[in-house]
Amino acid sequence: MAKKRVMLVGALAAATVAIALSGCSSNSGSSDKNVTLEYWASNQGTSLANDKKVLTPVLNKFTKQTGIKVNLTVIGWNDLQNKINTAISSNQGPDVVNIGNTWGPAFQASGAFVDLSEHADAIGGLDKFATTALNAGSQKGKTDHPASVPLYGLAYGLYYNKALFKAAGITTPPTTWEEFVADAKKLTDPSKGQYGVAIAGASYTENVHFAFLTAAQNGAEFYDGDKPTFTSDAIVSGVQRYLDLIGKDKVVNPDDAQLDNGSDPLQELAQGKAAMVLSQNNADATLLSQGMKEGDYGVTNLPWPADTPAEDQISTFPAGINIAIFSYTQHLDQALKFVKYMTSEDTQATLDKPYKTLPVLKDASPSFTDDADEAKVFTTAYNEQSKVLPQVATEGDFESAVGKAVTNLIADIAQGKNVSASDIKKALSDAQTTVEAAG
Amino acid sequence: MSATTAPSPSGAPGRSGLRKGWWLPYALLGPAVIFEILVHIIPMVTGIWMSFIKLTRIYLRNWGQAPVVGLGNYKTSLDFSSSIGQGILHSFLITCGFTIIVLALSWGFGMAAAVALQRPFPGRGLFRTVFLIPYALPIYAGIITWKFMFQRSTGAINHILVDQLHLLGDKPFWLIGGNAFWAIVIVAIWRTWPFAFLMLMAGLQSIPSDVYEASAVDGAKPFRQWRSITLPMLRPVNTVLILVMFLWTFNDFNTPFVLFGSTAQPPAGDLISFHIYDASFLTWNFGYGSAMSVLLLVFLLIVTSIYLLVINRRSQRA
């Protein structure tokens, strides 16, 4: 009987092992034709389905050229970072992935992605990328070992509804913050349900971006080396300037404090409920899908206060999407070929147009819009008026902690509470404690 | 459960040696035990281990490299002079208040409805069905509908309160600021009370009607009947019902997550489950999130044990 038991246990164990192994069978074949790359693309188009439609012909072309098949999954922004972290902790997931370039430093620090400087030739050289775009995705001091390379470039600009400007008798877009606020007041008429500016007041990503930009216009730094310094006067007054739009200046609909999606304010712009929206240049795709035509809206740079010194005249950070290869990939050669293809001149030119993104390659000219003025505004902002977000390992914590602090302040203001400089300082100081605990 | 000494079946062989087929119970239990370990025990032990290391996303790729911080995560969580500790304390107190209100009102509504529908009358089945709708609806669909109704300028709640009844001068926010607490309480009660109703209704079926008749002969009015007959006879049901509703409500995650969105949590609606999720999945500090989870587990265990102790002692005396 004892023998029987041993046999039974043995059989069970063998079955378990067999099941476990079949789950992770790997195809070690190195021939390109047998390889299928898993690719997680971020949501760049007007919907996940739209992304699939845009990318599929591009990926088919790659398969035709190299024989390597690509299995595409498009992932929404709210889930992307979670899914990547799950893939990292389990060493299972896609081979190639898109990331927001501001996440680059943290992922670089974790070693989750392949150091592309070791394979520079295989992706067509790192020097083909515009320096601003390439450096934005790495930790300070580690920019020569990028763990991801730029795929699409984005920049902030001030979109305005031309019809509303005309109706209010405003002929030129604002060039300073003071003009911006004055114009916004002229364009605000709550009785008609029309406001000067629309913001996504409950979106922590939007909020941290504007906190960063307005503070940068005051010459502020959020980090001293790796140490968070969120409570300087320059930062507090920058955040105050942004909050005043809804509080003191009253040019923002208090309802906006409930909006948690960056495309919500654009809808208000398209519907004529708001005259101006601060947004990245992929907003074009949303505005067009909302029934506006090129020419119905104009773009200028995010204005700064009139007395801002030249070096602090910041209107954007070099935003964008990077592409990276997971360290655990079994198909490194094929993945490198794919990255090379996606960042090639041809593919870039094909994708910049539907996605309304800026070129990330050196000396490439923007093709995302036929509006030469708009192209110029964004190219200038990206190349000359940009300052990178903190390139530290805790950048993600900085975004969520500061962003949520600003979200809560906006909620307070929307309910009619008076938010003073010391309230802002207290909120930022709490955010700093959270980031320090993570660091 | 304690008094089950297996009666030895007739024709059992001698004490020495194993009976034929002795292994069958173990084999039948085996899969359940294995899955229990896989699904419950291992994640719990992993979670407890995680609470002693500094598992930020830098170390996600290789947990082994995450530095051991001992009780560091617990110290941070319980240091109420720092903003992190204050955040947890605030969230904990909010959750306690939320739980007490939701529990009391859900039980009250459930009891009232169950008693009202205790005796047969035309249309009773219809009422029963209508009352159970919130429990039958998919949670997410129900809460999303509430989210629409709570919108400030376009929502039904403000339309009724302000535009039609003129109870308030200015349209208040429900999903941000202080009112968020009441919004989440209302939605949670809406979701929870049908369960209380269902359980109490089932409990009422087991009370024989002649007890009521006898008490009526003695001159007992309905309230006296409810206090002296209904309540004591529902005791076993209530014991379990209140404990289960307490645990569900205290741990509620779906309601805040769907009502307020995955990132925009108003401080007044910052329930503890969401607070932990926020630390773990929005700021990527899993060690600290785990420490809070363990503390929550300990708290719930203490409350549950005290509750059961008190209840059992009373029922032994009775």
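Quantities reported herein were computed from a predicted structural model and do not represent experimental measurements. The residue numbers shown here count from 1 along each chain, following its written sequence. Chain A is the first chain written and ligand 1 is the first ligand written, with later ones labelled in order. Under the rules for a predicted model, residues below a pLDDT of 70 receive no local features and side-chain atom pairs below 80 are neither given nor counted, while totals for whole chains, interfaces and linings still include all residues. Hydrogens are left out, water is left out, and the side-chain values use all remaining heavy atoms of the structure.

Caption draft 1: Spatial organisation of the overall build of chain A. On a plain count of helices and strands, chain A comes out with 16 helices and 11 strands. A compact globule built from 439 residues should have a C-alpha radius of gyration of about 22 Å, and chain A, at 24 Å, falls within 12% of that. Along the first, second and third principal axes, the C-alpha set of chain A runs to 90 × 50 × 40 Å. When burial is assessed residue by residue, chain A has 56% of its 439 residues classed as buried. Working definition of accessibility: Shrake-Rupley area with a 1.4 Å probe, residue cover restricted to the visible protein chains. Total accessible area on chain A stands at roughly 18000 Å², and carbon and sulfur atoms take up 51% of it. Averaging the locations of the 35 positively and 49 negatively charged side chains of chain A gives two centres separated by 8 Å. Comment: elements are numbered from the N terminus, with helices defined as DSSP H or I runs of at least four residues and strands as E runs of at least two. C-alpha atoms define the radius of gyration in this analysis, and the globule rule sets the expected value at 2.2 Å times the number of residues to the power 0.38. For the exposure calls, accessible area comes from a 1.4 Å probe over protein chains only, and a residue counts as buried if that area is under 20% of its type's maximum, exposed if over 50%, partly exposed in between. Positive charge is attributed to Lys and Arg, negative charge to Asp and Glu, and no charge count is given to His or to the chain ends. A charge is said to be at NZ when it belongs to Lys, at CZ for Arg, at CG for Asp and at CD for Glu.

Caption draft 2: Quick peek at the overall build of chain B. What chain B contains, in helices and strands, is 13 helices and 0 strands. Reading chain B from its N terminus to its C terminus gives the helix and strand order α-α-α-α-α-α-α-α-α-α-α-α-α. Taken over the C-alpha trace, chain B has a radius of gyration of 25 Å; the compact-globule value for 318 residues is 20 Å, which it surpasses by more than 25%. Structurally, chain B occupies a C-alpha span of about 65 × 65 × 35 Å along its principal axes. Any two residues having at least one pair of non-hydrogen atoms within 4.5 Å are treated as being in contact. Counted over contacts in chain B with a minimum sequence separation of 6, partners at least 24 positions apart contribute 66%. In the form shown here, chain B has an accessible surface area of approximately 17900 Å², with 70% of it arising from carbon and sulfur atoms. Here chain B carries 21 positive and 10 negative side-chain charges, and the mean point of each set is 10 Å from the other.

Caption draft 3: View of the pairing of strand E5 (residues 156-161) of chain A. Residues and elements named next belong to chain A. Counting buried residues in E5 gives 6 out of 6 residues, a clear majority hidden from the surface. When DSSP finds two or more bridges between two strands, those strands count as paired. In this sheet, strand E9 (residues 274-280) lies alongside E5 in antiparallel orientation, the contact comprising 5 bridges. Bridging across to E9, Leu158 finds its partner in Leu278.

Caption draft 4: Fine view of the sheet that holds strand E2 (residues 69-75) of chain A. All names here are of chain A. Read across the sheet, 5 strands follow the order E2-E1-E3-E11-E4 without closing on themselves; strand pairing throughout is mixed. Strand pairing shows two members of the sheet lacking a second neighbour, E2 and strand E4 (149-154), which therefore form its edges. On average, adjacent strands in this sheet sit at an angle of 20° to one another, irrespective of strand direction. One ladder, built from 5 bridges, connects E4 with strand E11 (residues 319-325); its direction is antiparallel. Note on E11: the bridge partner recorded for Val149 is Ile323. An axis is simply a line fitted to the C-alpha atoms; with a helix, the fit covers only the stretch in contact. Between two such axes, the angle follows the N-to-C directions and lies from 0 to 180 degrees.

Caption draft 5: View of the nonpolar core. By convention a nonpolar core is built from buried Ala, Val, Leu, Ile, Met, Phe, Trp, Tyr and Cys residues, the set being connected through side-chain atoms within 4.5 Å. Ranked by size, the top nonpolar core spans 119 residues in total, and within it Tyr39(A), Met276(A), Phe338(A) and Met342(A) carry the most contacts. With 10 residues, helix H15 (residues 395-414) of chain A is the largest single contributor of residues to this core. In this structure Tyr39(A) touches Leu59(A), Val70(A), Asn71(A), Leu72(A), Thr73(A), Val96(A), Val97(A), Asn98(A), Leu151(A), Ile323(A), Phe338(A) and Met342(A), once residues within four positions along its chain are discounted. One finds Leu103(B), Leu241(B), Met292(B) and Leu296(B) within the second-largest nonpolar core, a separate group that totals 30 residues.

Caption draft 6: Helix H14 (residues 372-384) of chain A, seen in detail. With 13 residues, H14(A) ought to run about 18 Å at 1.5 Å a step, and its terminal C-alpha atoms sit 17 Å apart, in line with that. At the N-terminal boundary of H14(A), the capping side chain belongs to Asp371(A), with an oxygen 3.0 Å from the backbone nitrogen of Asp373(A). Each residue after the first adds 1.5 Å to the expected span of a helix. Any pair of nitrogen or oxygen atoms within 3.5 Å is treated as a polar contact; in protein, a donor-acceptor pairing is required on top of that, and neighbouring residues in sequence qualify only through side-chain atoms on both sides.

Caption draft 7: Highlighting the packing of aromatic side chains. The criterion for an aromatic pair is that two Phe, Tyr or Trp rings (for Trp, the six-membered ring) have centres within 6.5 Å, with stacked assigned to planes under 30 degrees apart, edge-to-face to planes over 60 apart and tilted to the rest. Summed over the entire model, instances satisfying the criterion amount to 49 aromatic pairs over all chains. Aromatic side chains Phe212(A) and Phe317(A) sit 6.3 Å apart centroid to centroid with 80° between the ring planes, which places their arrangement in the edge-to-face category. A residue pair is termed long-range when its members are at least 10 positions apart, and Phe212(A) in helix H8 (residues 204-217) and Phe317(A) in the loop between strand E10 (297-300) and E11 qualify at 105 residues. Members of the aromatic cluster, each reached through a chain of ring pairs, are Tyr156(A), Phe210(A), Phe212(A), Phe222(A), Tyr223(A), Phe230(A), Tyr242(A), Phe317(A) and Phe398(A). Any Lys NZ or Arg CZ found within 6 Å of a ring centre and within 35 degrees of that ring's normal is scored as a charge over the ring. Note that Arg119(B) overlies the ring of Tyr212(B), its terminal NZ or CZ placed 5.9 Å from the centroid. Residue placement shows Arg152(B) over the ring face of Phe173(B); its charged tip is 4.7 Å from the ring centre.

Caption draft 8: Structural detail: the pairing of strand E1 (residues 36-42) of chain A. Residues and elements named next belong to chain A. The element E1 is largely enclosed, with a buried count of 5 among its 7 residues. With 7 bridges joining them, E1 and E2 adopt parallel strand pairing. Residue pairing across strands places Tyr39 opposite Leu72, the latter belonging to E2. For the handedness criterion, the β-α-β arrangement of E1, helix H2 (residues 48-66) and E2 is classed as right-handed. Relative to strand E3 (residues 96-100), E1 runs parallel, the two sharing 2 bridges. In the strand pairing of E3, Trp40 is matched with Val97. By convention a crossover is right-handed if, when the strands point away from the viewer, the path from the first strand over the helix to the second runs clockwise.

Everything listed is a geometric property; what it means functionally is a separate question.
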